[in-house]
Amino acid sequence: MSDLVVNDVSMVFETPSGEQVHALNDVSFSLKQGDLLSILGPSGCGKSTLLNIIAGFLAPTKGTVALASTELHGPGSDRGMVFQQGALFEWLTVAENIAFGPQMKGTPKEEIDATVNHLLETVGLQDFGDKPIYELSGGMQQRVALARCLANDPDVILMDEPLGALDALTREKMQSLVLKLWKETGKTIILITHSVEEALFLGEKLFVMAPRPGRIKKQYSLPFADAGLTQNPREIKASPEFIKTREEILTMIWEMEEEIMGLAATGTGG
Amino acid sequence: MTLIEKLKIKLGIEAGGLTKRKTVTFGDTSAVADGRLWSILSVFVLSVVWYMGSALELVNPIFWPAPGAVWDQFAAISQDGYRNFSLLEHVWASLYRILVGFAVGCLIGIPLGFAMGLSQVMRGWFDPIVEFFRPIPPLAFIPLVIIWSGIGERSKILLLFFAALWIMVIAARAGVGSVKLSKIHAAYSLGATKKQVLFHVILPNSLPEIFTGMRVAMGICWGTVVAAELVAAESGVGFMIMAASKFMATDIVVLGVIIVGLIGYAIDILMRKLEAKLIPWKGKA
């Protein structure tokens, strides 16, 4: 099994003014194949840094990340990325974007075509294969981004606020799509988001991170993602249990934000 | 829509659709129609002023020839050529020089710009060189290139290469700089190698900037070749103008000027058409 193990990861760097920033401090956790983890936290808590380390775009100052018992150095096609927006290649059509990964690997054309057609259908874009990217709406573009990532059949999918730029309605639809894809493909997913509701609804596990130094403040195991596969998302989000957890987390994040603001106001931040 | 409204839109003096209902148009450039009617009028009025000025003998033809005289020269030179070369040969001589100089400038400038965008050594090494030569007008090198290569083809091509080179270096470098990091990251995460990232992401992504550079370079090259031919050449539109001026043949001079203007205009239209065809995503990302 392709377990992802993050062991004792720290990230310390110095700003040009000589200030030491502890972006991450001894972060450890492990995920089993097929886990869906969402990460929340105020800005500056190191969640993006953590995702970039797992993706291999940053090397931690201490600690290791291993996938299927192999230590990771640098990016690779075993970990797919879905970005917020603008990471699609606008000089390619929808189908060509999805085919990008397999094409780079030199996969035979018939095989690529089959994968692309299948994925176009999976994300509901079967009639849009020949369209240029810039003619698609934001929600459709993110569907392409998901499909492009899946075309490579990665073990882990890393999502950096993938739905952050979408309007509320499209966002809800896309959340259901993410759940559906998660169930169908059995991929490990790590999702960073600013929306507490989204983190709760999609995360089978949820980390709330805290800043200065960046760390995991609280971990949750949640039932909502599994329920979301069969039940109406709106009902789940309106359930007392969901609302109770949501308020608890919101309060926690509020307090952290207040603390940061307070530190900044009295000039002792740093 | 009435026929008159359609005609007004065609002539560019009235907007159609929702734009017509806009109340704020001063400052909203998209609401300003292209005013094609005024373009037609301005060309027409200029022509009439020129024609009437000559017909009423308001200007000495030595200073500014009559349209008829220019037309006669056009007919005569088209027929018999001018100074050992036909009119087409003169035009082609100028075009050939810019095409070769521009092409070599692109072939060297674009890879160099890419290298400067991607490698620390190349950036550091070439930055002072590029920044030093870039602001020098290419014409300042005419005396030098004549000493090096005489007044033959080579000196002009060298000059035009120089004119295009710095523009293309800077355009290609800006193109590399315009790549969004998330695109690069996405490509690596999809298993692309460095080489694949270069050719499948960085190169296509920088095409809009490169094309803008090409348009600018083409314009500069066209201006430079005419000027260079004024100084030293045996053929070309610039040579035609210069040779004619020595005999006070202003009708040929004006003919040459009109040809220069029309070809420059045609080149830019061609480049814009090419751009729309080759880079349809420009400005839409």
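Above this text is the structure in question.
Residues numbered from 1 in each chain as written. Chains lettered and ligands numbered in written order. Predicted model: local features only at pLDDT ≥ 70, side-chain atom pairs only at ≥ 80, totals over all residues.

Draft legend 1. Structural context of the sheet that holds strand S9 (residues 205–210) of chain A. Residues and elements named next belong to chain A. The mixed open sheet is built from 6 strands, whose spatial order is S6-S7-S8-S3-S9-S10. The two strands at the open ends of the sheet, each matched to only one other strand, are strand S6 (79–82) and strand S10 (215–221). This sheet shows a mean twist of 20° between the axes of neighbouring strands, independent of strand direction. Strand direction decides the pairing type here: strand S7 (residues 156–160) and strand S8 (residues 188–192), joined by 5 bridges, are parallel. The residue of S8 that forms the bridge with Val156 is Thr188. (Pairing = 2+ DSSP bridges. Helix = DSSP H or I, 4+ residues; strand = E, 2+ residues; numbered from the N terminus. Axes fitted to C-alpha atoms, helices over the stretch in contact; angles between N-to-C directions.)

Draft legend 2. The packing of helix H9 (residues 194–231) of chain B against helix H10 (residues 237–246) of chain B, seen in detail. Residue and element names in this part refer to chain B. At a minimum axis separation of 7 Å, H9 and H10 run at an interaxial angle of 40°. As summarised for this structure, H9 and H10 are arranged oblique, according to the angle between their axes. As H9 runs across H10, the sense of the crossing is right-handed. Across from Val225, Val226, Ala227, Ala228, Glu229 and Leu230 in H9, the residues of H10 making contact are Val237, Gly238, Phe239, Ile241 and Met242. When its residues are assigned to classes, the contact of H9 with H10 shows 9 nonpolar, 1 polar and 1 charged. (Parallel < 35°, antiparallel > 145°, perpendicular 65-115°, else oblique. Left-handed = near helix turned anticlockwise from the far one by under 90°. Contact = placed C-beta atoms within 7 Å. Nonpolar A, V, L, I, M, F, W, Y, C, P; charged D, E, K, R; others polar.)

Draft legend 3. View of the nonpolar core. Within the largest apolar cluster, 139 residues are counted, with the highest numbers of intra-cluster contacts made by Ile190 of chain A together with Leu160, Ala164, Met168 and Cys221 of chain B. The greatest single-element share of this core, amounting to 16 residues, is contributed by helix H7 (residues 153–177) of chain B. Residues contacting Ile190 of chain A, with those up to four places away along its chain left out, are Leu37, Ile39, Leu51, Ile54, Val156, Leu158 and Met159 of chain A. (Core = buried A, V, L, I, M, F, W, Y, C linked by C-beta atoms within 7 Å. Buried ≥ 20, exposed ≤ 12 C-beta atoms within 10 Å, placed from the backbone.)

Draft legend 4. Geometry of the interface of chain B and chain A. Chain B puts 17 residues into the contact, and the matching count from chain A is 21 residues. Those elements that provide at least two residues to the side of chain B that touches chain A are helix H8 (181–189) and H9 of chain B. Element by element, the count of residues in the side of chain B that touches chain A is highest for H8 of chain B, at 6 residues. In terms of residue class, the side of chain B that touches chain A is made up of 9 nonpolar, 5 polar and 3 charged.

Draft legend 5. Just the sheet that holds strand S2 (residues 20–31) of chain A, in detail. Residue and element names in this part refer to chain A. Spatially, the 4 strands line up as an open sheet ordered S2-S1-S4-S5, and their pairing is antiparallel. Both outer strands of the open sheet, S2 and strand S5 (70–71), are each paired with one neighbouring strand and no more. Here strand S1 (residues 4–14) runs beside strand S4 (residues 62–67); their pairing, made up of 5 bridges, is antiparallel. Each bridged residue has a counterpart across the sheet, and for Leu4 the counterpart in S4 is Leu67.

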